[in-house]
Amino acid sequence: MPADNRIEIHPSLLQKLHRIHRQITDLHGQIARCPRQIQAGSNLVQEGEEQKTAAQASHKAAVLACDAKQLQLQSREDKIRDLEAKLKTAASNREFSLLKEQIAADQQANEVLSDEILEGLEYIDELSQNVQDAVQKVERLQSEQTERVGEVEKRQAELETELERVNQELAETEKNVPSTAMDDYRRITEARGEDALAPVDGESCGGCYQILTTQLIDRLRMSLLIRCPNCNAFLYSPEDRQVR
Ligand SMILES: [Zn+2]
C-alpha cells in the first residue's frame, strides 16, 4: 500500500479507537446476554411447572388406585356377609365346610388388601407432600423470575445508554482520522469491529501474531499508518512503548 507511506497518524488516536471499539463489542455482548438471562429464568419456571404437573398426576393416580382397592375391600366384605348368612341355611356338612373355606379365603385376601390400602394411604401422604413442595418451588421460581426480569431490564437500559454514549465518543474520535485513511478505516471497522485495529506486540501484530518486517516497524516509529500484511489491521504501538 504505497499510499500508506504518506499518511501520518498518531498511535494514541489508534489506541483510543481500538479501546472504544473493544468497549462497543463488550457492550453488545452484555446487551445480547440480557434476553438470554431472562429466557434461562423462564425455562426454570417452565421446568418447575412440569415437575408440579407430574407430581399432581402421580398423586391423583395413587388416590384412584387406593379408592379402587377400598371399593374392592368393601365388596368382598359384603360377599363375606352373604356367605355367613348362607352358613345358617347350609343343607349339608359339605356345603357348610365349603362356605367356611371360601369365607376364610376371602378374609385372608381382605387382610392383604387392607395392608395394601394402609401402605397406599402412606404413599398418598408422601405424594401430597411432593405436590406441596412442587407448588412452593414454582411460586419461588416465579417470584425470582419477576425479580430477575426487573433487574435485567434495568441493566439492559443502562447498557444501552452506555452504548449510545460510547458510540458518540467513537464518532467524535473518528473525526481525527485523516481523510485519506477514512475509506479504509470505515471498510475494515464495519467488517471486523474491534479486530480492525491491533497493537504491535514486540515485533508482531497483536491481532494475528504475524511477525512484522523491520521496515514496517520503522514506519510505525515514524507514526505512519501501517497495516498488518496478514490480517490487514491498523497497527499501533501501545502507549507505554511508543517511541517518539
Ligand atoms: Zn495481523
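Refer to the structure presented above.
Anyway, here's the lowdown on the structure attached to this text. (Residues numbered from 1 in each chain as written. Predicted model: local features only at pLDDT ≥ 70, side-chain atom pairs only at ≥ 80, totals over all residues. Heavy atoms only, no water.)

1. Observations concerning the sheet that holds strand β2 (residues 204-205)
With mixed pairing, the four strands of this open sheet are ordered in space as β2-β1-β4-β3. For this open sheet the edge positions go to β2 and β3 (226-227), each flanked by a neighbour on one side alone. As paired strands, β3 and strand β4 (residues 234-236) are joined by two bridges and run antiparallel to one another. Note that in β4 the partner of Ile226 across the bridge is Leu235. Packing of helix α3 (residues 179-192) onto the sheet brings it into contact with β3 and β4, and relative to β4 it is tilted by some 105 degrees. (Pairing = 2+ DSSP bridges. Helix = DSSP H or I, 4+ residues; strand = E, 2+ residues; numbered from the N terminus. Contact = heavy atoms within 4.5 Å. Axes fitted to C-alpha atoms, helices over the stretch in contact; angles between N-to-C directions.)

2. A closer look at the pairing of strand β1 (residues 197-201)
Put simply, side chains in a regular strand alternate between the two faces of the sheet. Bridge count for β1 against β4 is three bridges, and the pairing is parallel. Residue Leu197 lies in a different strand from β4, and its bridge partner there is Phe234. Direction of pairing for β1 relative to β2: antiparallel, over a ladder of two bridges. Bridge pairing in β2 places Val200 opposite Cys205. As consecutive antiparallel partners, β1 and β2 are separated by two residues, and within that stretch Gly202 has a phi angle of approximately 65 degrees, a positive value.

3. Some thoughts on the side chain of Thr173
When you line up the elements, Thr173 lands in helix α2 (residues 93-174). At 2.7 Å, the side chain of Thr173 and the backbone oxygen of Glu169 are in polar contact. Residues in contact with Thr173, not counting those within four places in the same chain, are Leu13, Lys16, Leu17 and Ile20. (Polar contact = N/O pair within 3.5 Å; in protein donor to acceptor, adjacent residues only side chain to side chain.)

4. A word on the coordination of the zinc ion
Within the first shell, the zinc ion binds the protein through Cys205 (SG), Cys208 (SG), Cys228 (SG) and Cys231 (SG), at distances of 2.3 Å. Coordination geometry of the zinc ion: the four donor atoms subtend angles of 102 to 114 degrees at the metal centre, consistent with an arrangement described as tetrahedral. The sequence pattern describing where the donors of the zinc ion fall on their chain is C-x2-C-x19-C-x2-C. Summarising the burial analysis for this pair, Cys228 and Cys231 share the class buried. (Donors = N, O, S within 2.8 Å, 3.2 Å for Na, K, Ca; no water. Tetrahedral: all angles 85-135°; square planar, octahedral: opposite > 155°, others 65-115°. Buried < 20%, exposed > 50% of the residue type's maximum accessible area, 1.4 Å probe, protein only.)

5. What about the pattern of salt bridges?
Considering all chains together, one arrives at 14 salt bridges under this definition. One salt bridge connects Arg140 with Glu144, and the closest N-O pair in it is separated by 3.2 Å. With Arg140 and Glu144 both in helix α2 and four residues apart, the pair spans about one turn of that helix. Linking Asp184 and Arg187 is a salt bridge whose minimum nitrogen-to-oxygen distance equals 3.0 Å. With Asp184 and Arg187 both in helix α3 and three residues apart, this pair spans about one turn of that helix. Asp184 sits in the partly exposed class, given a relative accessible area of 23%. Several salt bridges converge on common partners, so that one network encompasses Arg19, Glu162, Arg165 and Glu169. (Salt bridge = Lys/Arg side-chain N within 4 Å of Asp/Glu carboxyl O.)

6. Considering a negative patch on the surface
A cluster of acidic residues, Glu111, Asp115, Glu119, Glu122, Asp125 and Glu126, forms a negative patch on the protein surface. As for its position among the elements, Glu111 is in helix α2. By relative accessible area, which is 54% here, Glu111 ends up exposed. (Patch = residues over 30% accessible without salt bridge, like charges linked within 9 Å, V, L, I, M, F, W, Y side chains within 5 Å. Areas by Shrake-Rupley, 256 points an atom, 1.4 Å probe, with all protein chains shown as cover. Lys, Arg positive; Asp, Glu negative; His and termini not counted. Charge placed at Lys NZ, Arg CZ, Asp CG, Glu CD.)

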